[in-house]
Amino acid sequence: MPTTFELNGKIALVTGASSGLGTRFARVLAANGAQVVLASRRVERLKELRAEIEAAGGAAHVVAMDVTDVDSIRAAVAYAETEAGPIDILVNNSGVSTTQRLADVTPEDYDFVFDTNTRGSFFVAQEVAKRMISRAKAASGEAAPRQARIINIASMAALKVLSQIGVYCMSKAAVVHMTKSMALEWGRYNINVNAICPGYIVTELNEHHWETEGGRKLVQMLPRQRLGMPEDLDGLLLLLADDKSRFINGAVIAADDGFGI
Ligand SMILES: NC(=O)c1ccc[n+]([C@@H]2O[C@H](COP(=O)([O-])OP(=O)(O)OC[C@H]3O[C@@H](n4cnc5c(N)ncnc54)[C@H](OP(=O)(O)O)[C@@H]3O)[C@@H](O)[C@H]2O)c1
């Protein structure tokens, strides 16, 4: 029986849509029928992406959001729902990294990484989920309640400790536990919460590194001596966004070409 992913009528909020994986996630969700809301701080970039999605026949909206600022998160989610409608799918993707040995980490480095990757993604998910939960309560008793999805972008670094990015690994390990806690509490409201743990994917976060000697050596250590591209996550993203994944909840899925084995 052939199966396709079907996101027509769904509204998806993508944080960190201004570059890298977030841009790709937004393009793919829109190309498969979702109306997307693009969120991050660099609004000019989001507007360019909106124009591109609209030119391809999709629907997109833009909202400024700084995930380190809870007021900004609340205002952005409220705006997103006013502009586009109730959010069905959250791709909780904004993230940052720093590189240094643990002995050299300053309180500022630590807060920079945790404020975005852990605290930020928690409060984005919480704000979106509060609204999903009230709608689920209002619809309780309906034969086919609307399904909701939260997809947290963690990292292979949440599962396997990597040198020089210890604080990043810690921040993403917290996102894995956060995913399971949310899945446990919010599953009863038809909110499925899952995490994707990407391996090394070429984006602005790391593209400079692959040109260095250290970067080239690292690629040689990978099981298939290759890096991923953002499109390598398309299938997993669509599966977790689609209603067909209703039995997948609290899963932490590596998409790392086998690096974590
Ligand atoms: N690339 C990889 O190899 C890889 C591997 C595993 C996991 N990941 C994870 O995947 C996610 C995306 O990474 P990427 O590689 O696409 O990196 P990227 O190209 O550097 O993009 C990061 C995104 O996060 C947004 N962001 C950063 N700080 C923010 C803030 N305070 N408020 C709102 N948005 C913020 C940025 O938007 P603005 O600057 O416009 O705000 C940008 O759109 C991250 O969570 C990263 O940890 C990446």
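These numbers were taken from a predicted model, which means no experiment stands behind them.

## Some details on the sheet that holds strand β6 (residues 191-198)
And then number 1: Strands sit in the order β3-β2-β1-β4-β5-β6-β7 across an open sheet of 7 strands; the sheet is parallel. With partners counted over all chains shown, the strands left at the sheet margins are β3 (59-64) and β7 (252-255), one partner each. Neighbour to neighbour, the strand axes of the sheet diverge by 20° on average, direction disregarded.
And then number 2: Summarising the sheet, strand β2 (residues 35-40) and β3 pair through 6 bridges and their orientation is parallel. Across the sheet, Ser 40 pairs through a bridge with Ala 64, a residue of β3.
And then number 3: The strands touched by helix α1 (residues 20-31) within the sheet are β1 (11-15), β2, β4 (89-92), β5 (148-153) and β6, with β1 carrying the most contacts at an inclination of about 170°.

## Thoughts on the side chain of Asn 92
And then number 1: Checked against the element boundaries, Asn 92 lands in strand β4.
And then number 2: Not counting chain neighbours up to four residues away, the residues in contact with Asn 92 comprise Thr 15, Ser 121, Val 124, Ala 125, Ile 151, Asn 152, Ile 153 and Met 178.

## Topic: the packing of helix α4 (residues 107-138) against helix α5 (residues 166-186)
And then number 1: Where α4 meets α5, the axes come as close as 9 Å, and the angle between the chain directions of the two elements is 15°. With respect to each other, α4 and α5 are oriented roughly parallel. Crossing handedness for the pair α4 and α5: right-handed. Contacts between α4 and α5 pair Tyr 110, Val 113, Phe 114, Asn 117, Thr 118, Ser 121, Phe 122, Ala 125, Gln 126, Ala 129 and Ile 133 from the former with Val 167, Tyr 168, Met 170, Ser 171, Lys 172, Ala 174, Val 175, Met 178, Met 182 and Trp 186 from the latter.
And then number 2: Its residues assigned to classes, the contact of α4 with α5 shows 15 nonpolar, 5 polar and 1 charged.

## Description of the UniProt feature "domain: Ketoreductase" (unreviewed entry) in the chain
And then number 1: If you check UniProt for "domain: Ketoreductase" (unreviewed entry), the listed places come out as residues 10-213 in our numbering.
And then number 2: The distance from the first to the last C-alpha atom of residues 10-213 is 44 Å, and the span holds 46% helix and 17% strand.

## Brief notes about a nonpolar patch on the surface
And then number 1: Taken together, the side chains of Leu 102, Tyr 110 and Met 170 present a nonpolar region at the surface, about 290 Å² in accessible area.
And then number 2: Examined against the element boundaries, Tyr 110 turns out to sit in helix α4.
And then number 3: Judged by relative accessible area, Tyr 110 falls into the partly exposed class, the value being 33%.

## Side note on the pattern of salt bridges
And then number 1: Tallying each qualifying case throughout the model produces 15 salt bridges.
And then number 2: Between Arg 131 and Glu 127 there is a salt bridge, with the nearest N and O atoms lying 3.8 Å from each other. Here Arg 131 and its partner Glu 127 are both found in helix α4, 4 residues apart, which amounts to about one turn of the helix.
And then number 3: Given a relative accessible area of 9%, Glu 127 falls into the buried group.

## Points about the site of the ligand
And then number 1: Neighbouring the ligand are 31 residues; Ser 18, Ser 19, Arg 41, Tyr 168 and Thr 203 lie closest to it.
And then number 2: Lys 172 is positioned such that a nitrogen or oxygen atom in its side chain is 2.8 Å from an oxygen atom of the ligand.
And then number 3: Interatomic distance of 2.8 Å between a backbone N/O atom of Ile 201 and an oxygen atom of the ligand.
And then number 4: Calculation on the ligand without its partners gives an accessible area of 880 Å², and the protein chains cover 95% of this total.
And then number 5: At the level of secondary structure, the elements contributing two or more residues to the shell around the ligand comprise α1 and α5.
And then number 6: Looking at the shell around the ligand, its residues break down into 12 nonpolar, 14 polar and 5 charged.

## With respect to the side chain of Ser 171
And then number 1: With respect to the element layout, Ser 171 can be found in helix α5.
And then number 2: Leave out the neighbours within four places in its chain, and Ser 171 touches Val 113, Phe 114, Asn 117 and Thr 118.

## Considering unusual backbone geometry
And then number 1: The phi dihedral of Gln 164 falls on the positive side, at around 70°, and the residue is not glycine.
And then number 2: One can find Gln 164 in the loop between β5 and α5.

## Remarks on the nonpolar core
And then number 1: Counting 35 residues, the largest nonpolar core has Leu 13, Met 65, Ile 87, Ile 150, Trp 186 and Ile 191 as its most contacted members.
And then number 2: Listed by contribution, the elements that provide at least two residues to this core are β1, β2, α3 (70-83), α4, β5, α5 and β6.
And then number 3: Of all hydrophobic cores here, the second largest spans 30 residues; its members include Leu 7, Val 14, Leu 21 and Ile 151.

## Here's the deal with the pairing of β2
And then number 1: The buried fraction of β2 amounts to 5 of the 6 residues, a majority that puts the element mostly inside the structure.
And then number 2: With helix α2 (residues 43-55) bridging β2 and its parallel neighbour β3, the resulting β-α-β unit is right-handed.

## What to know about α2
Turn by turn, an α-helix covers 3.6 residues, leaving residues three or four places apart pointing in a common direction.
And then number 1: If you check α2, its first and last C-alpha atoms are 18 Å apart, about what 13 residues at 1.5 Å a residue would give, namely 18 Å.
And then number 2: For α2, the complete set of buried residues consists of Leu 46, Leu 49 and Ile 53. Down the axis of α2, the buried side of the element spans an arc of 60°, and every buried residue falls inside it. Structural note: α2 exposes Glu 44, Glu 48 and Ala 55 on the side pointing more than 90 degrees away from its buried face.
And then number 3: Those residues of α2 that are buried lie in contact with α1, β2 and β3.
And then number 4: Note on α2: the residue one or two positions beyond its end, Gly 57, has a positive phi of about 95°.

Parameters and conventions
Residues numbered from 1 in each chain as written. Predicted model: local features only at pLDDT ≥ 70, side-chain atom pairs only at ≥ 80, totals over all residues. Heavy atoms only, no water. Pairing = 2+ DSSP bridges. Helix = DSSP H or I, 4+ residues; strand = E, 2+ residues; numbered from the N terminus. Axes fitted to C-alpha atoms, helices over the stretch in contact; angles between N-to-C directions. Contact = heavy atoms within 4.5 Å. Parallel < 35°, antiparallel > 145°, perpendicular 65-115°, else oblique. Left-handed = near helix turned anticlockwise from the far one by under 90°. Nonpolar A, V, L, I, M, F, W, Y, C, P; charged D, E, K, R; others polar. UniProt positions renumbered as here; feature names shortened; annotations may be inferred. Patch = residues over 30% accessible without salt bridge, like charges linked within 9 Å, V, L, I, M, F, W, Y side chains within 5 Å. Areas by Shrake-Rupley, 256 points an atom, 1.4 Å probe, with all protein chains shown as cover. Salt bridge = Lys/Arg side-chain N within 4 Å of Asp/Glu carboxyl O. Buried < 20%, exposed > 50% of the residue type's maximum accessible area, 1.4 Å probe, protein only. Near = heavy atom within 4 Å. Polar contact = N/O pair within 3.5 Å; in protein donor to acceptor, adjacent residues only side chain to side chain. Core = buried A, V, L, I, M, F, W, Y, C linked by side-chain atoms within 4.5 Å. Right-handed = clockwise from strand over helix to strand, strands pointing away. Expected span 1.5 Å × (residues − 1). Arc of directions from axis to C-beta.

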